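# A closer look at the structure
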Amino acid sequence: MRTRTDPVGLKQGALGDDADEINFAITVSTDPDQTAIAPGYLQRTWKKADANGQLRTYFSYKMDRPIADFYAIVSARYAIKKELYKPRVGNPVSLEIYYHPNHSVNLDRMMSGMKASLDYYSANFGAYQYRQLRILEFPSYRGFAQSFANTVPFAEGMGFTQKISDAPGKIDYAFYVTCHEIAHQWWGHQVESANVQGGTLLIESLAQYSALMVMQKTYPKEMMQKFLKNELDDYLGGRGFERKKEKPLAEVENQQYIHYSKGSLAMYALQDYIGEANVNRALHNFRDKWNLDELAKNGRYPTSADLIAEFRAVTPDSLQSVITDLFETITLFENKVDKVTVKPAGKAFDVTLTVSAAKFRADSLGNETPTKLNDPIYIGIYGEGKNDQDKLLFYQKYRLTKPKQTITVRVNQKPTRAGIDPLNVLVDRNSDDNVKAVE
Ligand SMILES: [Zn+2]
């Protein structure tokens, strides 16, 4: 891909290299009993026979503000679920799901995903730009969901037809995918990256982060390990299959294991280290400066350097190196718990952990060099919680500088397991040895 300073790439948006924003209007005809949908707002609909005397239904849509030259058209015999919703910030939005009449089982999960997303994103990043938001089911010709201006085509197998369990420890996948896609109304459709290296950090990694923050509000903290471990395994696996060069996030070249999986991990770690409110302040500033309404003034699209500058601006000196590790280099840890012992102390328990920690930098071909460890890393102790779910009795960062360290912590409940970075906040080459049962 073009580099981040390439003058041509900076003038092109990542969603299309042959136009900036367009004024969008479209008329679509379809079978008489189908509903056709495209970005914009429905202006009118009518029926008319074609040249062969076959009746067709026409739908005319128009968008009231410029959009990227990037849109989808769908048509089907839809049932429709609608609800007017007032997000925490901004005007009411008509939430609509167009679905196969037999595929209604997860609609409430998607509706609550749209509401939770609009609430979190509008309050933290700025208002939603449209007055309508539509999810449009399509058959499993392809297995993805994708966000276009106020329209989100969504494969049936991505959330409509799954059996989703509400049991503790299970993830509502329909809700999660909805949150990711709605985030693209901001990251992609309010702010579009330049067509250069690092562009997908601004689109996919930020959508992953946004969805993770909604998940964090919805699920107990302990559950975040499921998301993070899954992303960590995908990232490490993806590195193993890289055929060219691994790039740091700041220069990612449309490499999914980097912009989705490492992107989630890096953004989660960033908010963990510098605080969710600070990350969101940086993102709100970034969106205010670089949204498409500012395109003419800026004279170019934003890059990962512009985003990282906003992160650096809200990060104290003592944690600037975290940004270097997460975004500008390929940094890996090797954290491990060697031993956990417990001693009763009256009604409490003293837990002693021996942990090892090491830090590496990798080059684009995977050659690793040890680098100095001076990092705040979580120590966690679990006990039994409700419904047989593990509960964190203790979860706190320690600044680790030595390859081996012994730490003693007092907890008020009987500990079951303990270890280092138990939620997988850091990119750990081997994350299966982080937690151990107490001896
Ligand atoms: Zn996405």
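Residues numbered from 1 in each chain as written. Predicted model: local features only at pLDDT ≥ 70, side-chain atom pairs only at ≥ 80, totals over all residues. Heavy atoms only, no water.

### As for the overall build of the protein
Within the protein, the regular secondary structure consists of ten helices and 19 strands. For the protein, whose C-alpha radius of gyration is 24 Å, the value lies close to the compact-globule estimate of 22 Å for 439 residues. Seen through its principal axes, the protein has C-alpha atoms that stretch 85 × 50 × 40 Å. Residue burial in the protein is summarised as follows: out of 439 residues, 54% are buried. Carbon and sulfur atoms make up 48% of the accessible area of the protein, which totals about 19,300 Å². In the protein, which carries 55 positive and 53 negative side-chain charges, the distance between the mean positions of the two groups comes to 4 Å. (Helix = DSSP H or I, 4+ residues; strand = E, 2+ residues; numbered from the N terminus. Rg over C-alpha atoms; globule rule 2.2 N^0.38 Å. Buried < 20%, exposed > 50% of the residue type's maximum accessible area, 1.4 Å probe, protein only. Areas by Shrake-Rupley, 256 points an atom, 1.4 Å probe, with all protein chains shown as cover. Lys, Arg positive; Asp, Glu negative; His and termini not counted. Charge placed at Lys NZ, Arg CZ, Asp CG, Glu CD.)

### A look at the pattern of salt bridges
Taken as a whole, this structure holds 29 salt bridges when the rule is applied. The partner of D31 in a salt bridge is R56, and the shortest N-O contact between them spans 3.4 Å. With D31 in the loop between strand 1 (25-30) and strand 2 (35-37) and R56 in strand 4 (residues 55-62), the pair connects residues that are 25 residues apart, well separated along the chain. A relative accessible area of 21% places R56 in the partly exposed class. Through salt bridges with shared partners, one network takes in D325, K359, R361 and D375. (Salt bridge = Lys/Arg side-chain N within 4 Å of Asp/Glu carboxyl O.)

### Comments concerning the nonpolar core
Buried together is how nonpolar side chains tend to be arranged in soluble globular proteins. One finds Y121, F311 and F327 to be the most contacted residues of the largest nonpolar core, which totals 127 residues. Examining the composition of this core, we find that eleven residues originate from one element, helix 4 (residues 199-218), more than from any other. The residues touching F327, leaving out its near neighbours within four places in the chain, are L201, P248, L249, A250, A266, M267, L270, I308 and F311. Listed in part, the six residues of the second largest apolar core include A194, V196, L292 and Y301. (Core = buried A, V, L, I, M, F, W, Y, C linked by side-chain atoms within 4.5 Å. Contact = heavy atoms within 4.5 Å.)

### A closer look at the packing of aromatic side chains
Inspection of the entire model under this criterion finds 19 aromatic pairs. Summarising the aromatic geometry, the rings of W46 and Y58 are spaced 5.1 Å apart at their centres and angled 10° between planes, so their arrangement reads as stacked. Here Y58 lies in strand 4 and W46 lies in strand 3 (residues 41-49), a separation of twelve residues in the sequence. Take W46: its relative accessible area is 23%, and that puts it in the partly exposed class. Here Y58 falls in the buried class, since its relative accessible area comes to 17%. Considering the side-chain rings of Y176 and F227, the 4.9 Å spacing of their centres and the 70° angle between planes classify their relative orientation as edge-to-face. Here Y176, found in helix 3 (residues 173-183), pairs with F227, found in helix 5 (residues 224-241); they are 51 residues apart in sequence, far enough to count as distant. Its relative accessible area of 14% is what places Y176 among the buried residues. What makes F227 buried here is its relative accessible area of 4%. (Phe/Tyr/Trp six-rings, centres within 6.5 Å; stacked < 30°, edge-to-face > 60°.)

### A look at the coordination of the zinc ion
Coordination of the zinc ion by the protein involves H180 (NE2), H184 (NE2) and E204 (OE), with metal-donor separations of 2.0 Å. All donors of the zinc ion come from a single chain, and their spacing in sequence reads H-x3-H-x19-E. One end of the pair, H180, is in helix 3; the other, E204, is in helix 4, and 24 residues separate them in sequence. Taken as a pair, H180 and E204 share a single burial class, namely buried. (Donors = N, O, S within 2.8 Å, 3.2 Å for Na, K, Ca; no water.)

### With respect to the pairing of strand 9 (residues 151-155)
The buried fraction of strand 9 is high, at five of five residues. By the alternation rule, side chains of strand 9 split into T151, P153 and A155 and V152 and F154, which are all buried. Here strand 8 (residues 132-138) runs beside strand 9; their pairing, made up of five bridges, is parallel. Along strand 9, the bridge assignment pairs L136 with P153. (Pairing = 2+ DSSP bridges.)

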